[in-house]
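This is what each chain is made of:
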Amino acid sequence: MATYKTSDFKGGLKFMLDNEPCSIIEHDHVKPGKGQAFHRVKVRRLVSGKMLEKTFKSGETVEAADVMEIELAYLYNDGEYFHFMNNESFEQVEADVKAVGDTAKWLVEQDICVITTWNDNPIAVTPPNFVELEVVETDPGLKGDTQGTGGKPATLTTGAVVRVPLFIQIGEVVKVDTRTGEYVGRVK
Amino acid sequence: MSEFNWQPSASFTALRARANVLNVIREFFAQRDVLEVDTPALSQAAVTDVHLAAFSTLFVGPGYSQGLPLYLQTSPEFHMKRLLAAGSGCIYQMSKSFRNEEAGRHHNPEFTMLEWYRIGFDHFQLMDEMSELLTLVLGSGKEQRFTYQNAFKQFLQLDPLTASMDELRQAAKPYGVYDVLEHEPDRDTILQLLFYVGVESQIGQDVPCFIYDFPASQAALARISHKDERVAERFEVYFKGIELANGFHELADAPEQLRRFKADNDKRKTMDLPEQPIDYHLIDALTAGFPDCAGVALGIDRLVMLATDANSLDEVIAFPTPRA
């Protein structure tokens, strides 16, 4: 079983905490009162997505998590599983609703997503930073408004709802930043 | 490593502020007739403290064909105390100190330390002088002061000198650090982490905070108080989440100093740490006669962080170790 020492800690290191893989977001070395050194880490649990802070005594060891990140193209959703494919080996991977979570609303066929696996099972899906989706529902809005004062909600093909400028009409394709859920521009 | 790592991590604005802080400090001590000294970075002896790791190297040259082990100093304290015993009078030094195994937002393996000693001062008088220096460099207001005991009582509702080990561990629960202390046998380690999570974040946010009269078990090189043998005449300075300085009414008792060094080495053996060569020059100096004095060490890089509102040492050190 591979282990890491506290001196191996760095951003992105993945290790097991309470039987769940987690990834280090931030870490710092502290030595309160010139005594024993500790490592304070902020981690994200990779299955639940929860963030938490944790303190280790310097020199402690943790169990490495068998976590991999692979790039796969999104194929389709059969109602139970989301199917992805490695475009080089054509190997297919299926991720369940729990692993996909809120990301489902950003999945566009053929887009390359990052699938996080733990012991070879998908536990999380990260969409591309930008996706292009068609507007299927929105208020007609005012013609001539170009700056979008406040904007209006628009529903996209995947069910995602984003605020768009008033001039955007049903049937148009918009570019959205998946990290913030914000409208970036109109795709012509 | 990025292709930009040849460049300094600190801005020139920060480096100018740093130079200015050094000038202000030199002027401060010149006005008080405190002598600037320069002592070795390499010594044949090393600190015994179990929580300090010294870098070591080997001198090979005339007279030392087999090699002479040398240790980079973790602080200039031992050499400066030999100067004091030899009759230097009040002295200060700004120099590099070196500590292995330390790196982080507030730690770099090599750093600049200001250390000064005042003959005839106790730790209270030295705290007064520290206050003047901080006001001058940082423009900070009048500091808060708490004894270690009162700080615990106020912020953790706990007496650090009398609480049971179990009470101390229970107090860690609200701070999410119970698990790391659950099986911790060392009382001081528990106290130190409790102080960090429960006290440090509550003190010294607007003005510096001086904590004094540490538990005798954390005396390091400070005297035990005559008034209360449970505490040592040691103080620390905290400001905006940074541990800035550590001072002592200096231990002048040679046999007691030797006993503490040996006790450290005994503890090192139980922890599988290398025993360190005791500085017998220091013991001899104390035996010859050591003036009543107080001394303090202050991290210059951390002081510059505070002077420039920096978040990490990288912003005030030209080339931190990853770029060195």
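Residues numbered from 1 in each chain as written. Chains lettered and ligands numbered in written order. Predicted model: local features only at pLDDT ≥ 70, side-chain atom pairs only at ≥ 80, totals over all residues. Heavy atoms only, no water.

In a disulfide, the sulfur atoms of two cysteines are covalently bonded to one another. Residues and elements named next belong to chain B. Summed over all chains, the structure comprises zero disulfides over all chains. Free of any disulfide, Cys293 has its nearest cysteine sulfur in Cys90, 8.5 Å distant. Relative accessible area serves as the criterion here: at 0%, Cys293 is assigned to the buried category. (Disulfide = S-S within 2.5 Å. Buried < 20%, exposed > 50% of the residue type's maximum accessible area, 1.4 Å probe, protein only.)

A few words now on the sheet that holds strand E3 (residues 56-61) of chain B. Residues and elements named next belong to chain B. If you walk across this open sheet you meet the three strands as E2-E4-E3, and the pairing is antiparallel. Strand pairing shows two members of the sheet lacking a second neighbour, strand E2 (42-43) and E3, which therefore form its edges. Of the pairings in the sheet, the one linking E2 to strand E4 (residues 64-72) comprises two bridges and is antiparallel in character. Of the residues in E4, the one forming a bridge with Leu42 is Leu72. (Pairing = 2+ DSSP bridges. Helix = DSSP H or I, 4+ residues; strand = E, 2+ residues; numbered from the N terminus.)

Attention now goes to the nonpolar core. All names here are of chain B. The biggest cluster of nonpolar side chains holds 38 residues, and the ones touching the most others in it are Ile25, Leu114, Trp116, Met130, Leu134, Leu298 and Leu303. Residue contributions to this core peak at seven residues, all from helix H3 (residues 123-138). Contact partners of Leu298, with chain neighbours within four places excluded, come to Thr112, Met113, Leu114, Met130, Leu134, Leu244, Ala245 and Leu303. Formed by 28 residues, the second largest nonpolar core is a distinct cluster that contains Ile190, Leu191, Leu193 and Val199. (Core = buried A, V, L, I, M, F, W, Y, C linked by side-chain atoms within 4.5 Å. Contact = heavy atoms within 4.5 Å.)

Listed as interface residues are 22 residues of chain B and, on the opposing side, 16 residues of chain A. Here chain B packs against chain A, burying approximately 1,800 Å² in sum over the two surfaces, 50% of which is carbon and sulfur. Linking chain B with chain A are six salt bridges. With a shortest N-O distance of 2.6 Å, A:Lys31 and B:Glu102 are connected by a salt bridge. For the interface between chain B and chain A, the tally reads 10 residue pairs in polar contact (both at pLDDT 80 or more). (Buried area = accessible area lost by both parts, 1.4 Å probe. Salt bridge = Lys/Arg side-chain N within 4 Å of Asp/Glu carboxyl O. Polar contact = N/O pair within 3.5 Å; in protein donor to acceptor, adjacent residues only side chain to side chain.)

Moving on to the sheet that holds strand E8 (residues 209-215) of chain B. To summarise the sheet geometry, strands pair through backbone hydrogen bonds and adopt either a parallel or an antiparallel arrangement. All names here are of chain B. The eight strands are arranged E1-E5-E6-E11-E10-E9-E8-E7 in an open sheet whose pairing can be described as mixed. Each edge of the open sheet is held by one strand with a lone partner, namely strand E1 (35-36) and strand E7 (144-147). Here E7 pairs with E8 via four bridges, running parallel. Paired with Arg145 across the bridge in E8 is Phe210. Strands in contact with helix H10 (residues 300-308) are strand E5 (91-98), strand E6 (110-119), strand E9 (231-239), strand E10 (242-249) and strand E11 (293-299); relative to E10, the strand with the most contacts, it is inclined by about 135°. (Axes fitted to C-alpha atoms, helices over the stretch in contact; angles between N-to-C directions.)

Turning our attention to the packing of helix H1 (residues 12-31) of chain B against H3(B). Residues and elements named next belong to chain B. At a closest axis distance of 10 Å, the pairing of H1 and H3 adopts a crossing angle of 140°. It follows that H1 is oblique to H3 by the angle criterion. Pair H1 / H3 crosses with right-handed handedness. Of the residues in H3, those touching H1 at Val21, Val24, Ile25 and Phe28 are Glu129, Glu132, Leu133, Leu136 and Val137. The class makeup of the residues in the contact of H1 with H3 is seven nonpolar, no polar and two charged. (Parallel < 35°, antiparallel > 145°, perpendicular 65-115°, else oblique. Left-handed = near helix turned anticlockwise from the far one by under 90°. Nonpolar A, V, L, I, M, F, W, Y, C, P; charged D, E, K, R; others polar.)

Another aspect to go through is the side chain of A:Thr117. With respect to the secondary-structure elements, A:Thr117 resides in strand E10 (residues 112-118). Among all residues touching A:Thr117, those that are not within four sequence positions of it are A:Asp66, A:Val67, A:Met68, A:Ile70, A:Pro122 and A:Ile123.

The full count for this structure, using the stated rule, is 28 salt bridges over all chains. Between B:Glu243 and A:Lys34 there is a salt bridge, with the nearest N and O atoms lying 3.0 Å from each other. Highlighted residues: B:Glu243 in strand E10 and A:Lys34 in the loop between strand E3 (20-30) and strand E4 (38-45), drawn from two different chains. The class of B:Glu243 is buried, set by a relative accessible area of 9%. Put simply, B:Lys96 and B:Glu110 hold a salt bridge, and the shortest N to O gap is 3.1 Å. Here B:Lys96 is found in strand E5, whereas its partner B:Glu110 is found in strand E6, with 14 residues between them in sequence. By relative accessible area, which is 41% here, B:Lys96 ends up partly exposed. A relative accessible area of 31% places B:Glu110 in the partly exposed class. What you see here is one network of salt bridges that share partners, running through A:Lys34, B:Arg234, B:Glu236 and B:Glu243.

None of the figures reported here should be taken as evidence of function without further support.
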